[in-house]
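Below, each chain spelled out in residue letters.
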Amino acid sequence: MGRARTLAQVYRRFGEVDAAGTSPLYERVAIALSESGEALRAIEAAPARKRHPTVILAALHDLALAGRAPALAAAYAAADGDAAAGAAIDTLLRMTDAVAARAVRRRPLPDETGRCAVLYPAIAEAARRMGANAVGLIDVGCSAGLNLNVDRVGIAYGDRRSLGDPASPVRMTASIVGERPVPARAMPEVVARVGVDLDPVDVTDADDARWLRACVWPDRPEQAARLQAEMALAATAPPLLLRGDAVEVLPDAFDRVPANALPVVTTTWALSPFPLESRLRFLHRLDEAAAGRAVAWVSAEGVGVAPAIPTLGDRRASGHSIIGLATFDHSVVRTEAVGRCWSRGRLLAWLADS
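This paragraph deals with the sheet that holds strand E8 (residues 295-302). Here we have 11 strands laid out as an open sheet, ordered E3-E2-E4-E11-E10-E9-E8-E7-E1-E5-E6, and mixed in their pairing. Only two strands of the sheet have a single partner each, and these edge strands are strand E3 (162-164) and strand E6 (240-243). Taking each pair of neighbouring strands and ignoring which way they run, the sheet shows an average axis angle of 25°. With 6 bridges joining them, strand E1 (residues 134-140) and strand E7 (residues 262-268) adopt parallel strand pairing. Its bridge partner being in E7, Ile-138 is matched across the sheet by Val-265.

Now for the packing of aromatic side chains. A full pass over the atoms with the stated rule returns 4 aromatic pairs. When the centroid spacing of 5.4 Å and the interplanar angle of 55° are considered together, the rings of Tyr-26 and Trp-217 count as tilted. In this pair, Tyr-26 is assigned in helix H2 (residues 24-34) and Trp-217 in the loop between helix H9 (206-214) and helix H10 (221-236), connecting sequence segments 191 residues apart. Accessibility expressed as a relative area gives 2% for Tyr-26, which makes it buried. Residue classification places Trp-217 among the buried residues on the basis of a relative accessible area of 16%. Between the aromatic rings of Phe-282 and Trp-297, the centroid separation amounts to 5.4 Å while the plane-to-plane angle is 75°, which identifies the pairing as edge-to-face.

To continue, consider the nonpolar core. Formed by 39 residues in total, the largest nonpolar core has its most connected members in Leu-33, Leu-60, Leu-72 and Leu-92. The set of elements that each furnish at least two residues to this core consists of helix H1 (2-18), H2, helix H3 (37-43), helix H4 (53-65), helix H5 (70-78), helix H6 (81-94) and helix H7 (96-105). When residues in this core are grouped by element, the largest group, 7 residues, is from H4. In this structure, Leu-72 is in contact with Leu-60, Ala-64, Ala-84, Ala-87, Ala-88 and Thr-91, ignoring residues within four places of it in sequence.

Counted under the stated rule, the structure contains 20 salt bridges. Between Arg-12 and Glu-35 there is a salt bridge whose closest N-O contact spans 2.6 Å. Here Glu-35 lies in the loop between H2 and H3 and Arg-12 lies in helix H1, a separation of 23 residues in the sequence. In this structure Glu-35 comes out as exposed when scored by relative accessible area, which is 55%. Between Arg-129 and Glu-125 there is a salt bridge; the shortest N-O distance is 2.8 Å. Residue Arg-129 and its partner Glu-125 are located together in helix H8 (residues 115-130), separated by 4 residues, close to a single helical turn. On the basis of relative accessibility, which here comes to 0%, the residue Glu-125 falls in the buried class. One network of salt bridges, in which partners are shared, links Glu-125, Arg-128, Arg-129, Arg-185 and Glu-336.

Once that is clear, we can look at H6. Since the α-helix turns once every 3.6 residues, residues separated by three or four places project in the same direction. The terminal C-alpha atoms of H6 lie 20 Å apart, and with 14 residues this matches the ideal 20 Å at 1.5 Å per residue to within 8%. For H6, the full list of buried residues reads Gly-81, Ala-84, Ala-85, Ala-87, Ala-88, Ile-89, Thr-91 and Leu-92. Structurally, H6 contributes buried residues whose contacts are with H2, H3, H4, H5 and H7. A side-chain oxygen of the first residue of H6 lies 3.3 Å from the backbone nitrogen of Asp-82; this N-cap is Asp-80.

In this structure, Arg-160 takes a positive phi of about 75° despite not being glycine. Checked against the element boundaries, Arg-160 lands in the loop between strand E2 (154-157) and E3. Overall, the relative accessible area of 81% leaves Arg-160 in the exposed class.

What follows covers the pairing of strand E11 (residues 347-350). In this structure, strand E4 (residues 171-176) lies alongside E11, joined through 2 bridges in parallel fashion. Paired with Ile-176 across the two strands is Leu-348, which belongs to E11. Relative to E11, strand E10 (residues 332-342) runs antiparallel, the two being bridged by 4 bridges. If you follow Trp-342 over to E11, its bridge partner there is Leu-347. Taking the residues that link successive antiparallel strands as the turn, the E10-E11 hairpin has 4 residues, and the phi of Ser-343 there is positive, at about 50°.

Conventions we followed
Residues numbered from 1 in each chain as written. Predicted model: local features only at pLDDT ≥ 70, side-chain atom pairs only at ≥ 80, totals over all residues. Heavy atoms only, no water. Pairing = 2+ DSSP bridges. Helix = DSSP H or I, 4+ residues; strand = E, 2+ residues; numbered from the N terminus. Axes fitted to C-alpha atoms, helices over the stretch in contact; angles between N-to-C directions. Phe/Tyr/Trp six-rings, centres within 6.5 Å; stacked < 30°, edge-to-face > 60°. Buried < 20%, exposed > 50% of the residue type's maximum accessible area, 1.4 Å probe, protein only. Core = buried A, V, L, I, M, F, W, Y, C linked by side-chain atoms within 4.5 Å. Contact = heavy atoms within 4.5 Å. Salt bridge = Lys/Arg side-chain N within 4 Å of Asp/Glu carboxyl O. Expected span 1.5 Å × (residues − 1). Polar contact = N/O pair within 3.5 Å; in protein donor to acceptor, adjacent residues only side chain to side chain.

Structure, rendered in structure tokens:
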């Protein structure tokens, strides 16, 4: 009973705090799950670390998208919270093993949309500083590698500037904070796209693609449509995805970038789960790679998370992130905070002199 009460509190808080105001469907479903002893016992069929609402709700959504939970799919399509709550509990009780299997195999994937608005100007700035006419992108913690198409999307900023491909079917926007504009410099040719992740997602695989859609909350149709467009774009030229720990896999990733191109490693909110020792090892790996060629690292991480990137005196857990740029040229390392951003890149303040 103690475990059930604890789990009930987790689901109630998710509904009343995390989903409230942004997802009426998940607010109603999560609270209903918190009030059902049978549902909570079914959730306990999954390992403890896989019982979080983001995992279980995505597993239920995946079953709905796969056609195995038609009542839940219909309730989601109708945006009927009461019907969705009942269908979610019924699906969980009837298909406990299937829900648990998905929870064990999968992990909730973050919304990657908006990150390109941060990455594009920083990558272009890295290329300018290093005199590069071509770049090879290496995205660490890439999930499905959607960020690797940063040059293939159209990005509109609040100051009426735009970057990327104006004809792209994928459109992104970002508001500008402060008076300094984002540089309008174009990114050079991208000659390699390499993703590194412990468990990468292949958008050309039907099950993987469906799981990506399942991680989008069902009453966010605009986000779902944007994700669909991003996946379709990625599928036209799938990136190379390398599975494994970044520190171990990075040497292989660097080898995939032609010698005449600047390798640009990107991390977007990927380093915070790791202890400082691991983050320092990651930095050391970049420095090692620079013994044979110039390397750049573009980061968007919480204040103080990216090692060696200045924090500008900002407080940790302050609600925004630092956009960092580090260049490694043999024994010379330069680091700078080139911007701040909020809401995963939806608001951007550019700071660097360009």
